Amino acid sequence: MVFTILSIVLPFIALAAGVFLNGKSADNPGGSSFAPGLALDLQGGTQIILTPTSTDGSEITPEAIDESINVIRQRIDSSGVAEAEIAAQGNNVVVGIPGEASQETIDLVSQPAQMRFRPVLTYDVGVPAAAPEPTDTGTEAPAEGDGEGATGEPSAEPSEESSPDTSPGGKARGQAVTAPRTTATDDEAATDEASQEPTQESSEAPATPAPTEATDPSDLAQITPELQEQFTNLDCTQPENLVGGGGDDPAAPLVTCSQDGSLKWILGPVEIDGTDLTTASSGLRVTAQGVTTNEWAVNLNFDSQGTTAFRQTTTRLSTLESPRNQFAIVLDGLVVSAPSVSTPIPNGQAEISGSFTRDSAAVLANQLSFGSLPIAFEVQSQEQISATLGSEQLRNGLIAGLIGLALVVVYSLFQYRSLGMLTVASLVWAGLITYVSIALLSWLMGYRLSLAGVAGLIVAIGFTADSFIVYFERIRDEMRDGRSLAYAVERGWRRARRTVLAAKSVNLISAVILYFLAVGGVQGFAFTLGLTTVIDVAVVFWFTHPAMQLIAKIPFFRDGHSWSGLSPERLRAAGVRYVGAGRVATQPAVATSESAEPEMAFAGAAATPTESRADASGRRMTIAERRAAERKAAAAAETPPGGQTSVDESQHADRGENEESR
Amino acid sequence: MAGMTFAQWGNDLYTGRRSYPVVAKRRTWFTIVAIFGLASVAVLGIKGLTLGIDFRGGSEFTVEGVTTTQQDAAVTAVQSAVPGEEPRVAVVGGSAVRVQTTQLDAQEVEDVSLALAEAYDVERADVATSFVGPTWGAGVSMRALWGVVVFVLAAAAFMAIYFRAWRMSVAAIVAMLSDLVISAGVYAAVGWEVTPSTIIGFLTILGFSLYDKMVVFDKVRENTQDVLSQTRSTYGERANLAVNQTLVRSINTSVVALLPVAGILFVGALWLGAGTLRDLSLSLFVGIAVGAASSIFLATPLDVLLRGKEPKIAQHTAAVLAERERVAAEGGHDAELAAAAAGTSQLIPGHHLGHGAQPRRKRAR
């Protein structure tokens, strides 16, 4: 019973605390509330119309739009179970987001970043340093940046290693990503050596501000005095230096800051463009032996161009000294991460590991995969939109559902008499926990209840009630076998538990698989299904069964009152029953129309139809008389139903069929 | 069942005093399912499912500068121009109404625009029309389909391992697929538009169907656990007893699951007029009813048919029948015959089974 109380009280306390500490209000749409958040179809939300613009001057194809819709959907899904609506409208993309859309969310959908990989020439702490030359002493290595050889700060050591096993886990769910601001309008990157870009612009091109002839993108000769001065004066603690934005020349070295402003960098020309990245995902790191470790990592997959370029880059970088063996992942001109390279990576599959948390790995993977899209979006309009489903319709639907629920209550009381009260109490209990959980999850995970979700909850009534029905029927079965209530509860529970767990496992399997494989509405459905399944099992184990055990001790039920739903008259076959120790118990026949004839105890279907051991006068028949009666009845059974006068009239015609099988 | 309570009826089903020959009549059920299944396939093939705006895209009308944002006016206007259309109406930004319909031809677009302009008392020029793409594109469908395939395979593997019989899992999956086909057929026959809610409904059916089969099969498993170590009854008889014993549960569960859905379908959709709820509740109603029925009438007989081919079980069934034949040929007492044929009944501890069940004396005397 402790679990019972905890299972409802704990989520409730958490929710109450959430409401108290981080209440939902107009200016805090992400806050907690006792009312669960509603999805777009029930509550309305924000409609954002986005116009795509190409970042590389190429034609925007419908395929590219579809691809970007997928990426936008992925980004929204990974920020919660929100069920956004995304559609192409002409050349535009229309995004519907439930509730108030924060600036963060709008950035999330509208700002595909421009991502490039550049070799690191040098770096320093993010303030205008007195140290005029590259140094790695005394750096306070930050979260995202790499502090190769720096202090023992926890996030400092992203190591890069070849890993053919990418993306072991499912989609990681991180918090909302704060994408950096971008205009991202400059032309496609060109690299100097990998020749993977159509524009074939090399670092030696006249446009390059680097006056010296650099032999490769890692050449320190690229650091001109001007660059060095710029680097020295750069103050990454100033917010304006952290705005980022495109416009950096891909062929020229770049002086910039880390995303969090803790480090500043001089980087070589772009070697690989983000569009060469096919996928980026986060998951637990898998070692070369295939053992999954406890460490979070981001897995990258390049296309063929990217693979070639990445091989050349990593081959060169792996031979260089620190910090030049690092390459920086630059998102909109700011360094997201700068892993070091220890071995060449030939197959285009890389893994960035380090001290990621589950969330930070997901955020990076998200930024990387979004950055590989050659399309930028402009927010054309952003408007409030009402629910597509009229509030009136929802109310009608709910009223109808409630009527159905009331019928369920009536039916279970009719079926199980007072035991039905336990069903109703368990359902109420499950409903309460579900409500609190949904309110809690809509606060913590951005879960939104859609119409499909409501329907899922209504169907869940059937699933949940079935657990109790299976349980009660098993108890009744045990009582029919002649067991006492207390014993029947124990044995029935053991059998019911197995059935319930097995059947719920199927539900849980479906929920988990659909949740991880599907998107959008199906994902929301899977989530609701999984949630109600877990709650259902919890309620049966921690509420219904303990309550049943208590009930079994109450005289009203124990002694089988006719309104208890467990009365022996209704559940036991009539006749004499051996109860052990040389004693027998007699179960009087039920007083119904057919009770005139005492029933045979084992009552096989194929038992001779009239096992009347007493004739009409009540005198016990002799064996010979009984045989005669049996034969007569058997003969009657062969004839059409009209001949079955001696057979219990209420029995079905198929009874005759059983007779034949004899 | 006159003069008899439901509990007593369940009682009789449990003991086997009353027994419906579900397994024995399997040809009948298979025929019925085949007829329904073929009819569904025919309806799906000829009529097909009408995909809604979410799948195919459609026309979108934006009425600017409206003074009233009542959504009903738009519904009435669209339906006056294109009868039978179920538009989705939303208010955008406070002074504009967005109306989405299925794809209309040029004439219909013009009609609807005029009707909308009239309904909201604005100029025709204030009604902008455009084509809107599907929110539930091919990508989403593929992901969902992929998820379902993986889930069904996983569930099949789980059942095969749990019951330690792959034939049982095959029977469950086949029955579940026929449920889906029949539900889809009924939906196509009614002719309502397929919306994302419908898809969710079908997924729910899939889940419920497998769940229900799992519960019924677990009872079969319980009854047939030690079937091979006795010679009283065959596998089929024990399975039939299981179906009869679980009949009360199946009826109770289906009623409890159907009542709320029926509430939404009949009260909500047909009487109160909650149009968008009806597609979901219809697919759920049909699916749950079909799913529960097929657990009894299709899945279990199919399981008996399939598992009857398992060498051990086939051998055992033959042995039991031969033994029964022998007893009958020797012309034992009626009671003996009764006991030998009582394979479909439940053994109840402590109950006397009649003299026929006592050890037999050699016939010589």
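Residues numbered from 1 in each chain as written. Chains lettered and ligands numbered in written order. Predicted model: local features only at pLDDT ≥ 70, side-chain atom pairs only at ≥ 80, totals over all residues. Heavy atoms only, no water.

### Focus on the overall build of chain B
Part 1 of the reasoning: Scanning chain B from N- to C-terminus turns up 13 helices and six strands.
Part 2 of the reasoning: Within chain B, the proportion of its 365 residues that are buried is 58%.
Part 3 of the reasoning: When the accessible surface of chain B is totalled, it reaches about 15,000 Å², and 63% of it is carbon and sulfur. (Helix = DSSP H or I, 4+ residues; strand = E, 2+ residues; numbered from the N terminus. Buried < 20%, exposed > 50% of the residue type's maximum accessible area, 1.4 Å probe, protein only. Areas by Shrake-Rupley, 256 points an atom, 1.4 Å probe, with all protein chains shown as cover.)

### Some details on the packing of helix H7 (residues 166-190) of chain B against helix H8 (residues 196-224) of chain B
Residues and elements named next belong to chain B.
Part 1 of the reasoning: Between H7 and H8, the shortest axis-to-axis distance is 9 Å and the interhelical angle comes to 145 degrees. In this structure, H7 meets H8 at a crossing whose hand is right-handed. Across from Met168, Ala171, Ala172, Ile173, Ala175, Met176, Asp179, Leu180, Ser183, Ala184 and Tyr187 in H7, the residues of H8 making contact are Thr198, Phe202, Ile205, Leu206, Ser209, Leu210, Lys213, Phe217, Val220 and Arg221.
Part 2 of the reasoning: Residues that form the contact of H7 with H8 fall into these classes: 15 nonpolar, three polar and three charged. (Axes fitted to C-alpha atoms, helices over the stretch in contact; angles between N-to-C directions. Left-handed = near helix turned anticlockwise from the far one by under 90°. Contact = heavy atoms within 4.5 Å. Nonpolar A, V, L, I, M, F, W, Y, C, P; charged D, E, K, R; others polar.)

### Here's the deal with the pattern of salt bridges
Part 1 of the reasoning: Counted by the stated rule, this structure contains 17 salt bridges over all chains.
Part 2 of the reasoning: Residue B:Lys219 pairs with A:Asp477 through a salt bridge whose shortest N-O separation is 3.7 Å. With one member in each of two chains, B:Lys219 in helix H8 and A:Asp477 in helix H10 (residues 451-480) form a pair that bridges those chains.
Part 3 of the reasoning: You can call A:Asp477 buried: its relative accessible area is 2%. (Salt bridge = Lys/Arg side-chain N within 4 Å of Asp/Glu carboxyl O.)

### Quick notes on a negative patch on the surface
Part 1 of the reasoning: A grouping of A:Glu383, B:Glu64, B:Glu123 and B:Asp126 is seen on the molecular surface, where their side chains present a negatively charged patch.
Part 2 of the reasoning: Structurally, A:Glu383 can be placed in strand S15 (residues 375-385).
Part 3 of the reasoning: Overall, A:Glu383 belongs to the partly exposed group, its relative accessible area being 31%. (Patch = residues over 30% accessible without salt bridge, like charges linked within 9 Å, V, L, I, M, F, W, Y side chains within 5 Å. Lys, Arg positive; Asp, Glu negative; His and termini not counted. Charge placed at Lys NZ, Arg CZ, Asp CG, Glu CD.)

### So, the pairing of strand S6 (residues 254-257) of chain A
Strand residues, when the strand is regular, have side chains that alternate between the two faces of the sheet.
Residues and elements named next belong to chain A.
Part 1 of the reasoning: Alternating residues of S6 divide into Leu254 and Thr256 and Val255 and Cys257, and every residue in both groups is buried.
Part 2 of the reasoning: Alignment of S6 against strand S7 (residues 263-267), held across four bridges, turns out to be antiparallel. Opposite Cys257, over in S7, you have Lys264 as the bridge partner.
Part 3 of the reasoning: Counting the residues in the hairpin turn of S6 and S7 gives five residues, including Gly261, whose phi is positive at 80 degrees. (Pairing = 2+ DSSP bridges.)

### Things to note about the packing of aromatic side chains
Part 1 of the reasoning: Applying the stated criterion across every chain yields a total of 17 aromatic pairs over all chains.
Part 2 of the reasoning: Between B:Tyr162 and B:Phe163, the aromatic rings sit 5.0 Å apart at their centres with planes inclined by 75 degrees, giving edge-to-face as the arrangement.
Part 3 of the reasoning: These aromatic residues form a ring-pair network of at least three members: A:Tyr416, A:Tyr471, A:Phe472, A:Trp493 and A:Phe541.
Part 4 of the reasoning: Directly above the aromatic system of A:Phe231 lies the positively charged group of A:Lys264, at a separation of 5.3 Å from the ring centroid. (Phe/Tyr/Trp six-rings, centres within 6.5 Å; stacked < 30°, edge-to-face > 60°. Lys NZ or Arg CZ within 6 Å of the ring centre and 35° of its normal.)

### Focus on the nonpolar core
Part 1 of the reasoning: Ranked by internal contacts, the top residues of the largest apolar core, which has 122 residues, are A:Met548 and B:Leu210.
Part 2 of the reasoning: Per-element accounting of this core gives the leading share, 15 residues, to H10(A). (Core = buried A, V, L, I, M, F, W, Y, C linked by side-chain atoms within 4.5 Å.)

### Thoughts on the side chain of B:Gln245
Part 1 of the reasoning: Tracing the chain through its elements places B:Gln245 in helix H9 (residues 235-245).
Part 2 of the reasoning: Only 3.2 Å separates the side chain of B:Gln245 from the side chain of B:Lys219, close enough to count as a polar contact. (Polar contact = N/O pair within 3.5 Å; in protein donor to acceptor, adjacent residues only side chain to side chain.)

### Notes on the confidence of the model for chain B
Part 1 of the reasoning: Chain-level statistics for chain B give a pLDDT mean of 81 and a share of 86% at 70 or above.
Part 2 of the reasoning: Listed scores for the predicted complex are pTM 0.65 and ipTM 0.82. (pLDDT = per-residue confidence, 0-100.)

### Details of the packing of H8(B) against H9(B)
Residues and elements named next belong to chain B.
Part 1 of the reasoning: Viewed as axis vectors pointing N to C, H8 and H9 meet at an angle of 135 degrees, and their least axial separation amounts to 8 Å. Between H8 and H9, the interaxial angle falls into the category oblique. Every pair of crossing elements has a handedness; the one defined by H8 and H9 is right-handed. Mapping the contact onto sequence places Lys219, Val220, Asn223 and Thr224 in H8 and Tyr235, Arg238, Ala239, Leu241, Ala242 and Gln245 in H9.
Part 2 of the reasoning: When the residues that make up the contact of H8 with H9 are grouped by side-chain class, the tally is five nonpolar, three polar and two charged. (Parallel < 35°, antiparallel > 145°, perpendicular 65-115°, else oblique.)

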